[in-house]
Amino acid sequence: MTQQVFDVFVIGGGPGGYITAIRAAQLGLSVACCESNPYADPKGEPRLGGTCLNVGCIPSKALLHTSHLFEEAGHSFASQGINVGTPKIDVAKMMERKNAIVTQLTVGIKGLFKKNKVTLINGHGSFAGQGAKGWRIKVGEEEFETRHVVVATGSRARHLPGIAVDNKLICDNIGALDLDTLPKKLVLIGAGVIGLEMGSVWRRLGSEVTLLEAMPDFLSVADVDIAREAAKVFAKQGLNIQTGVTITKAVAGKKGVEVAYKDQDGKEHQLSADRLIVSVGRVPNTEGLNHEAIGLRINDRGQIEVDAHCRTSLPGVWAVGDVVSGPMLAHKAMEEGVMVAECIAGQAGHCNFDTIPWVMYTNPEIAWVGRTEQKLKADGLAYKVGKIPFLVNGRALGMGETAGVGFVKMLACAETDRVLGVHIIGANASELIAEAVTAMEFGAASEDLARICHAHPTLAEVIHEAALACDQRPLHF
């Protein structure tokens with residue numbers, strides 16, 4: 001029986017969903033959001049925050065931070081005159097801290113819902129057809145009516161045929177974030193963001209890590225110079241990265257996992273490991289929406305088809321986040337959510353997909369926004385390059401050996417000087433990229449960044465120098 005009519009009903013409480021709900025409520029709309037996935041909630045209640053907060057961005061960053069401190073204590077402190085002895089890792093304690101952070105944030109979203117008067121409904125939402133005042137949404141045995149529906153059901157890990165993920169010996173992102181012991185040998189299938197970050201965590205803690213990547217080129221999504229530098233740095237750190245690999249077998253046994261693969265030359269290899277992590281991308285969650293009944297179009301990639309403002313072909317039905325096209329990034333989903341809420345409220349919602357930043361939280365960090373050099377070449381666009389290493393930056397050297405690794409690369413239009421892309425590999429790249437995003441969002445030229453005073457000594461000075469270098473006039477290189 002239909003119980004209540006809302007202005008906006010959001011299906012899914014991940015980054016795209018909960019942000020849509022909060023922003024819509026701020027704009028004076030009546031809003032409901034349903035969420036069904038309990039993840040590891042001890043009470044079996046829905047955990048808001050989706051993959052990002054529960055089994056993705058947030059817990060992985062907690063583990064990355066702990067493992068970074070562990071490596072610093074074991075290898076870098078002594079060079080700075082700090083003697084702490086041989087560090088030991090308590091995996092259970094590390095996981096306990098990670099879980100506490102996740103709980104704090106997911107509970108916090110419930111508090112934000114209460115503050116903004118968003119109705120939280122426990123259960124999986126699906127389309128039940130059209131009603132007198134809009135769309136009918138079914139959650140469990142209850143039905144609700146709403147003028148607008150926003151699908152924000154997110155994504156799940158892609159699994160490979162013939163490889164049974166049990167999240168014990170063979171893991172996807174969920175199991176990878178909850179290992180109970182330090183594996184002596186760890187194999188990861190996929191050397192993208194998840195593979196490199198999880199590989200870095202356990203490599204720092206002492207595991208022997210091998211990454212098997214199907215693509216012939218390492219980090220082909222990144223700028224070619226960034227990919228080359230990253231490959232050198234990670235190899236030096238001890239990550240064994242094999243590209244152009246074809247997996248032929250991965251089977252869990254009593255003592256671990258057996259993996260067989262062929263390299264680019266067709267030569268067969270065998271690996272034995274304590275754990276295997278499958279990190280080969282993600283697929284949209286569209287199952288159970290009953291979208292066929294209302295004619296909601298889904299493409300051959302499983303994505304809901306939307307326009308530039310995340311509208312579907314059906315009036316009053318929208319979709320955001322991993323379930324639509326574009327990079328599967330939490331901040332992209334959030335931007336889409338704000339845009340959709342504002343469009344529903346009659347405002348000029350905006351999301352510039354050309355200035356969505358990418359970040360990899362390895363050490364050194366990798367971040368970029370805009371076009372790569374290979375993309376500019378393919379587009380036939382004349383450009384100029386400013387590239388400055390962190391090695392000449394006083395703050396980077398003072399922070400330690402790894403902070404001086406990497407560079408900032410700025411790409412600007414040869415004719416207009418407008419910044420077309422900024423690519424960073426180095427310490428705090430995840431924070432530094434925000435300056436580049438801001439500059440590009442407002443159409444800044446490299447000269448604009450070159451004329452801005454940057455505090456000294458800071459890592460951000462390397463962005464300043466890269467802007468100067470676009471005009472062949474760096475001051476410190």
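All of these numbers come straight from a predicted model, not from anything done at the bench.

Each value, and the rule that gives it
- Residues numbered from 1 in each chain as written.
- Predicted model: local features only at pLDDT ≥ 70, side-chain atom pairs only at ≥ 80, totals over all residues.
- Heavy atoms only, no water.
- Buried < 20%, exposed > 50% of the residue type's maximum accessible area, 1.4 Å probe, protein only.
- Helix = DSSP H or I, 4+ residues; strand = E, 2+ residues; numbered from the N terminus.
- Pairing = 2+ DSSP bridges.
- Expected span 1.5 Å × (residues − 1).
- Contact = heavy atoms within 4.5 Å.
- Polar contact = N/O pair within 3.5 Å; in protein donor to acceptor, adjacent residues only side chain to side chain.
- Salt bridge = Lys/Arg side-chain N within 4 Å of Asp/Glu carboxyl O.

**Observations regarding the pairing of strand β22 (residues 419-426)**
Logical step 1: β22 sits mainly inside the fold: eight of its eight residues count as buried.
Logical step 2: In terms of strand pairing, strand β19 (residues 365-370) meets β22 through six bridges, oriented antiparallel. Looking across to β22, one finds that A367 is bridged to I424.
Logical step 3: Pairing of strand β21 (residues 407-413) with β22, which is carried by six bridges, proceeds in the antiparallel orientation. Considered in β22, the bridge of K409 is made with H423.

**A few points about helix α4 (residues 91-115)**
Since the α-helix advances by 3.6 residues per turn, residues separated by three or four positions end up pointing in the same direction.
Logical step 1: Between its first and last C-alpha atoms α4 spans 36 Å; for 25 residues at 1.5 Å apiece the expected length is 36 Å, and the two agree.
Logical step 2: Listing the buried residues of α4 in full gives V91, M94, M95, K98, V102, T106, I109 and F113.
Logical step 3: Where the residues of α4 are buried, they touch α1 (15-26), β2 (31-35), α2 (50-55), α3 (57-76), β3 (118-122) and α6 (193-205).
Logical step 4: Put simply, D90 is the residue that caps the front of α4, since its side-chain oxygen is 3.3 Å from the backbone nitrogen of A92.
Logical step 5: Downstream of α4 by a residue or two, K117 has a phi angle that is positive, lying close to 60°.

**Digging into the pattern of salt bridges**
Logical step 1: Scanning the entire structure with this criterion turns up 26 salt bridges.
Logical step 2: D7 is the salt-bridge partner of R147, the closest N and O atoms lying 3.1 Å from each other. Within this pair, whereas R147 is found in strand β6 (residues 142-151), its partner D7 is found in strand β1 (residues 2-11), the two being separated by 140 residues in sequence.
Logical step 3: You can call R147 partly exposed: its relative accessible area is 37%.
Logical step 4: In this structure, R156 and E287 form a salt bridge, with 3.1 Å as the shortest nitrogen-oxygen distance. Linking R156 in strand β7 (residues 155-157) with E287 in the loop between β16 (282-284) and β17 (317-319), this pair joins segments that are 131 residues apart in sequence.
Logical step 5: Judged by its relative accessible area of 34%, R156 falls in the partly exposed class.
Logical step 6: Look at the salt bridges and you will find they share partners, linking D223, D225, R228, E373, K387 and K409 into a network.

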